[in-house]
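Chain residues, written in single-letter form:
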Amino acid sequence: MTSYKDKIDPERLPQHVAIIMDGNGRWAKQHGKHRVFGHKNGVVSVREAAEAAAELGIPYLTLYAFSTENWSRPKTEVNALMRLLLQTIKDEVATMNKNNIRLNAIGDLQSLPQRNYMHLMKAIEQTSSNNRMTLTLALSYSSRWELTMVARRIAEDVVAGRCTPEEINQECMGKYLTTSSLPDPELLIRTSGEFRVSNFMLWQIAYAELYFTNKFWPEFRREDLYKALVDFQCRERRFGKTSEQLIKK
Ligand code: FPP
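Residues numbered from 1 in each chain as written. Predicted model: local features only at pLDDT ≥ 70, side-chain atom pairs only at ≥ 80, totals over all residues. Heavy atoms only, no water.

**Topic: the nonpolar core**
Put simply, the test is: Throughout, nonpolar core names a set of buried Ala, Val, Leu, Ile, Met, Phe, Trp, Tyr and Cys residues whose side chains join them through atoms within 4.5 Å. With a 1.4 Å probe rolled over the protein chains alone, any residue whose accessible area is under 20% of its type maximum counts as buried; one over 50% counts as exposed, and the rest are partly exposed. Secondary structure elements are taken from DSSP: a helix is a run of H or I of four residues or more, a strand is a run of E of two residues or more, and numbering for both begins at the N terminus. Two residues qualify as a contact provided that any one of their heavy atoms is within 4.5 Å of a heavy atom in the partner residue.
Core analysis: the largest hydrophobic core is formed by 45 residues, its most contacted members being Val 17, Ile 19, Leu 61, Leu 120, Leu 135, Ile 189 and Leu 229. Among the elements that line this core, the one with the most residues is helix α3 (residues 75–98), at seven residues. Not counting residues up to four positions away in its chain, the partners in contact with Ile 189 are Val 17, Ala 18, Ile 19, Ile 20, Tyr 211, Phe 220, Leu 225 and Ala 228. Counting residues in each nonpolar core, the second largest holds 12 residues, with Ile 106, Tyr 141, Trp 145 and Ile 205 among its members.

**Focus on the packing of aromatic side chains**
For clarity, the cut-off: Only rings of Phe, Tyr and Trp enter the pairing, Trp through its six-membered ring, and a pair is recorded when the two centres are within 6.5 Å. The plane angle decides the type: under 30 degrees is stacked, over 60 is edge-to-face, the rest tilted. Either the NZ atom of lysine or the CZ atom of arginine qualifies as a charge over a ring when it sits within 6 Å of the ring centre and within 35 degrees of the ring normal.
Across all of its chains, the model carries seven aromatic pairs by this definition. Pairing Phe 66 with Trp 71 gives two aromatic rings, centres 4.7 Å apart and planes at 70°, and the pair type is edge-to-face. Residue Phe 66 is classed as buried on the basis of its relative accessible area of 2%. Summarising the aromatic geometry, the rings of Tyr 141 and Phe 200 are spaced 5.9 Å apart at their centres and angled 85° between planes, so their arrangement reads as edge-to-face. Linking Tyr 141 in strand β4 (residues 133–141) with Phe 200 in the loop between β5 (187–190) and β6 (209–212), this pair joins segments that are 59 residues apart in sequence. For Tyr 141, a relative accessible area of 0% corresponds to the buried category. Look at Phe 200 and you get buried, because its relative accessible area is 0%. Cluster of aromatic residues (ring-pair linked, three or more members): Tyr 64, Tyr 141 and Phe 200. Residue placement shows Lys 7 over the ring face of Tyr 4; its charged tip is 5.1 Å from the ring centre.

**Here we look at the site of the ligand**
Note the following rule: Nearness here has a simple test: a residue counts as near a molecule or strand if at least one of its heavy atoms is within 4 Å of that partner. In the analysis that follows, any N or O atom pair within 3.5 Å is treated as a polar contact, provided that within protein one partner can donate a hydrogen and the other can accept it, and provided that, for residues neighboring in sequence, both atoms belong to side chains. Note on areas: Shrake-Rupley, 1.4 Å probe, and residue coverage restricted to the protein chains presented here.
Around the ligand sit 19 residues in total, of which Asp 22, Gly 25, Arg 26, Arg 35 and Arg 73 are the nearest. The contact in question runs from an oxygen atom of the ligand to an N or O atom on the backbone of Gly 23, over 3.4 Å. Interatomic distance of 3.0 Å between a backbone N/O atom of Gly 25 and an oxygen atom of the ligand. Notes on the ligand: free accessible area 620 Å², of which the protein chains cover 92%. Contributing elements (two or more residues each) for the shell around the ligand: α1 (24–30), α2 (35–56) and α3.

**With respect to the pairing of strand β1 (residues 16–20)**
We apply this condition: Following DSSP output, two strands are said to pair if at least two bridges run between them.
Within β1, five of the five residues are buried, which leaves the element mostly enclosed by the surrounding structure. In β1, alternate side chains face the same way, and those of His 16, Ala 18 and Ile 20 on one face and Val 17 and Ile 19 on the other are all buried. Taken together, the five bridges between β1 and strand β2 (residues 60–67) define a ladder with parallel strand orientation. Following the sheet pairing, Ile 20 is matched in β2 by Tyr 64. Of the strand pairs in this sheet, β1 and β5 are connected by four bridges, and their pairing is parallel. Of the residues in β5, the one forming a bridge with Ile 20 is Arg 190.

**Remarks on the pairing of strand β3 (residues 101–106)**
Of all six residues in β3, five are buried; the element is thus mostly enclosed. Pairing geometry for β3 and β4, over six bridges, is parallel. In the strand pairing of β4, Leu 103 is matched with Leu 135.

Next comes the structure, spelled out in structure tokens:
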């Protein structure tokens, strides 16, 4: 059977792929199981996506694992997700080191349970010298939270005389974002047939190509990532210019 992988041009890979992992609950329901069953199976998809992206040579992969809004889910589900996250981080450090993957995290990390925070920081430290791919987990993250923090920190710097209002430009904004060490995502994938960006990296996806699939996250496999990449490579990215200008260039 031919794979979409064979159709990928390795020279034109997106440098940063971001994924809104959605549909764990609906997938579990379809199987007559509790929502947490969906989250557990979602971890398999996380592994598949991370390994496939690293093997292809994509340098940055970011996964929306828990939004600030997700705190309002039933307490039992939030606790189960936090336990799953903790276990996965502990279990996967060795594999990340084997695969030369650096773990990173963005979001209001201090709001995570202390054990999660500690193990997350430890895993980030233990994988910090890996350089094949940076896997960023967005945890307790939302774009409005992030942009509010940026506004607050800029205001503090202006008040303290560290910069002037005139010095605030787009480049400087980027430096205040939690993603300051990452390039902007070029491809944003959302699973489960929902057509929303749900408060995810609103500043950073300004020019990202959006790709939606009906697959629920626990069903997402390497082949689905390959398919999204082939679709991405068929798009004409104009960045506000005309097609003719792009050809001339
Ligand atoms: C969305 O499905 C998924 C989440 C809110 C959590 C994602 C978590 C995982 C895949 C497992 C742990 C992750 C890592 C990185 C170890 P949903 O619950 O919103 O599904 P629904 O829309 O069908 O209800």
